[in-house]
Amino acid sequence: MRHQEPSALFISANGTGRGHLVRQIAVASKLRYLRPVFVTMSYAAKLVEVFGFPLIYFPHHDLTNENSDKWNRNLTNELDSVIKNFNVKSIVYDVNFVFDGIIDILRSREYLNSIWIRRAMWPDAHSSYLGARVHFDTIIEPMELAGSEDFGPTRTDTENVKIVPPILWLDPKERLDRASARKKLGIPERKTVFALDFHGSGNDEYEAARKKVISLLVSNDDCFLIEFCRSSKFSHFDLSEDRYLKVELNDAFRYSNAWDGAVWRAGYNGFHENLMGCIPTVFIPNNTPSLDLQTTRATWAAKHEYAAHLPLEANDRLIEAAISNLLDASWRWKIRENNTQLTQSFSGAQGSLAAAEIVEGITV
């Protein structure tokens, strides 16, 4: 069935991660005139269904075992069908690498408005990907709080780039208050609560750090831990229900007023949510070479006392020092105060709304 209502087609990859898809959902939810339609390769595709947007899951050729030429042809055909059936006027692409199947669509349908949501902090190994910019009318770059330290390849590639405030799935003001969030999650009211996010990284090195961090935190009788889990490959901790909760939440930030501090990876979404949400955090960046420059983000945050930085390869002494700070109420207060000052300039500014206005501004 063909739809008459004009649409924006959101395309993302991401595999086990969710960052690109979550960013697109944030933008799509702010559209007023265009109907969002999604084609994604992300394992987290079901997130889209929560919002009621039309969804096509298109697995990457690593899963289908197709050669890349055949897979790209199939991708082009799939997108061609979606464009016809949903009256697509704009393509909004959020993947660092632009697949040949995408390029074929953009070349054959030049009447489509094409937008590339391209975050910064690229590793130098991705420099060759920049040439694909010629296929897009506009590039939207979500602002990096640590942008002053970004010397990756996108830093000097500024033509037709529109920078918007950091894109978050949820505005910090829209979070549940502390009491409501704790009640919803079943967290004890009077405990000092720490949230942990080690899962979904695809990096097995996190298991050693995870074990040490959990052991140190539970040694404090006042602590309650909530761990966000999207993988079963990490070891099980035999902890009582009044000390530890393992949960799968797609919108953890909504509940983040419930915790007093966090140990988190330093991907774009988690980094900006924790800082803009004023959550005292120990960041353990994923140092996988193909990923964004998470260590750069964490180092910048530690230098300006917006968070602590704990390298993934840190020894026991460094881990103990970082967790000692996190357990210190005065340290947490200082970090919250510093983050409050950092984010005051973004009060009321939503990157997702700004990006949506750009998408519709060149389309409607």
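Below or above, wherever it landed, is the structure these notes cover. (Residues numbered from 1 in each chain as written. Predicted model: local features only at pLDDT ≥ 70, side-chain atom pairs only at ≥ 80, totals over all residues. Heavy atoms only, no water.)

## Quick notes on the overall build of the protein
Here's step 1: When helices and strands are counted, the protein shows 12 helices and 13 strands.
Here's step 2: A globule of 364 residues ought to have a C-alpha radius of gyration of about 21 Å, and the protein, at 21 Å, matches this closely.
Here's step 3: Counting only C-alpha atoms and orienting by the principal axes, one finds that the protein spans roughly 60 × 40 × 35 Å.
Here's step 4: Considering the protein as a whole, with its 364 residues, one finds that 55% of them fall into the buried category.
Here's step 5: Within the protein, residue pairs in contact and separated by at least 24 positions form 69% of the contacts whose partners lie at least 6 positions apart.
Here's step 6: When the accessible surface of the protein is summed, it comes to about 16000 Å², and 48% of that surface belongs to carbon and sulfur atoms.
Here's step 7: For the protein, the distance from the average site of its 41 positive side-chain charges to the average site of its 46 negative ones is 3 Å. (Helix = DSSP H or I, 4+ residues; strand = E, 2+ residues; numbered from the N terminus. Rg over C-alpha atoms; globule rule 2.2 N^0.38 Å. Buried < 20%, exposed > 50% of the residue type's maximum accessible area, 1.4 Å probe, protein only. Contact = heavy atoms within 4.5 Å. Areas by Shrake-Rupley, 256 points an atom, 1.4 Å probe, with all protein chains shown as cover. Lys, Arg positive; Asp, Glu negative; His and termini not counted. Charge placed at Lys NZ, Arg CZ, Asp CG, Glu CD.)

## Thoughts on helix α5 (residues 100-108)
Here's step 1: Those residues of α5 not exposed but buried are Gly101, Ile102, Ile103, Ile105 and Leu106.
Here's step 2: Elements that come into contact with the buried residues of α5 comprise β1 (7-12), α4 (68-85), β4 (88-94) and β5 (113-117).

## Description of unusual backbone geometry
Here's step 1: Residues other than glycine seldom take positive phi values, yet Asn65 does so here, at roughly 65°.
Here's step 2: Judged by its relative accessible area of 69%, Asn65 falls in the exposed class.

## Quick word on a nonpolar patch on the surface
Here's step 1: Together, Tyr43, Tyr57 and Leu63 give the surface a local cluster of nonpolar side chains, amounting to about 320 Å² of exposed area.
Here's step 2: Looking at the secondary structure, you find Tyr43 in the loop between β2 (35-40) and α2 (46-50).
Here's step 3: Look at Tyr43 and you get partly exposed, because its relative accessible area is 48%. (Patch = residues over 30% accessible without salt bridge, like charges linked within 9 Å, V, L, I, M, F, W, Y side chains within 5 Å. Salt bridge = Lys/Arg side-chain N within 4 Å of Asp/Glu carboxyl O.)

## Overview of the sheet that holds strand β13 (residues 308-309)
Hydrogen bonds between backbone atoms are what pair the strands of a sheet, whose relative direction is either parallel or antiparallel.
Here's step 1: With parallel pairing, the 6 strands of this open sheet are ordered in space as β10-β9-β8-β11-β12-β13. Two strands bound the open sheet, and with one partner strand each, they are β10 (244-247) and β13.
Here's step 2: Taken together, the 2 bridges between strand β12 (residues 281-283) and β13 define a ladder with parallel strand orientation. Looking at β13, one finds that Phe283 is bridged to His309.
Here's step 3: Seen against the sheet, helix α7 (residues 206-218) touches β8 (192-196), β9 (223-228), β10 and β11 (261-264) and runs at an angle of roughly 155° to β9. (Pairing = 2+ DSSP bridges. Axes fitted to C-alpha atoms, helices over the stretch in contact; angles between N-to-C directions.)

## Quick notes on the side chain of Ser7
Here's step 1: You can see Ser7 is positioned in strand β1.
Here's step 2: Overall, the relative accessible area of 0% leaves Ser7 in the buried class.
Here's step 3: With sequence-adjacent residues up to four places away left out, Ser7 is seen in contact with Leu34, Arg35, Val37, Phe86, Asn87, Val88, Lys89 and Ser90.

## Concerning the sheet that holds strand β7 (residues 161-164)
Here's step 1: Spatially, the 7 strands line up as an open sheet ordered β3-β2-β1-β4-β5-β6-β7, and their pairing is parallel. Looking along the sheet, the strands with just one partner apiece sit at the ends: β3 (55-57) and β7. Mean inter-strand twist for the sheet, computed between neighbouring axes without regard to direction, equals 20°.
Here's step 2: Here 3 bridges tie β5 to strand β6 (residues 138-142), and the two strands are oriented parallel to one another. Residue pairing in the sheet places Ile117 in a bridge with Ile140 of β6.
Here's step 3: Sheet strands touched by helix α1 (residues 19-28): β1, β2, β4, β5 and β6. Its angle to β1, the strand with the most contacts, is close to 165°.
Here's step 4: Here helix α12 (residues 351-361) sits on the sheet and contacts β4, β5, β6 and β7; the angle it forms with β7, its principal contact strand, is near 150°.

## A look at the environment of Ser90
Here's step 1: Along the chain, Ser90 falls in strand β4.
Here's step 2: You can call Ser90 buried: its relative accessible area is 0%.
Here's step 3: For Ser90 and Leu34, which are 56 residues apart along the polypeptide, the C-alpha to C-alpha distance reads 8.8 Å.

## Structural notes on the packing of helix α10 (residues 316-327) against helix α11 (residues 329-343)
Here's step 1: Contact geometry of α10 with α11 gives a least axis separation of 5 Å together with a crossing angle of 80°. Relative to α11, the element α10 is oriented roughly perpendicular. Judged by residue contacts, Asn325, Leu326 and Leu327 of α10 engage Ala329, Trp331 and Arg332 from α11.
Here's step 2: Within the contact of α10 with α11, the residues separate by chemical class into 4 nonpolar, 1 polar and 1 charged. (Parallel < 35°, antiparallel > 145°, perpendicular 65-115°, else oblique. Nonpolar A, V, L, I, M, F, W, Y, C, P; charged D, E, K, R; others polar.)

## Some remarks on α10
Here's step 1: For α10, built from 12 residues, the straight-helix expectation of 16 Å at 1.5 Å per residue is met to within 8% by its first-to-last C-alpha distance of 16 Å.
Here's step 2: Taken as a whole, α10 has its buried residues at Ile319, Ala322, Ile323 and Leu326. Angular distribution of buried residues about the axis of α10 spans 95°; they occupy a single face of the element.
Here's step 3: In this fold, the buried residues of α10 make contact with β8, α7, β11, β12 and α11. (Expected span 1.5 Å × (residues − 1). Arc of directions from axis to C-beta.)

## Quick word on the environment of Asn338
Here's step 1: For Asn338, the position within the fold is in helix α11.
Here's step 2: Residues Asn338 and Val50, 288 residues apart in the sequence, show an inter-C-alpha distance of 35 Å.
Here's step 3: When sequence neighbours within four positions are dropped, the list of residues in contact with Asn338 reads His304, Glu305 and Tyr306.

So far we have only geometry, and geometry alone does not tell us how the molecule works.
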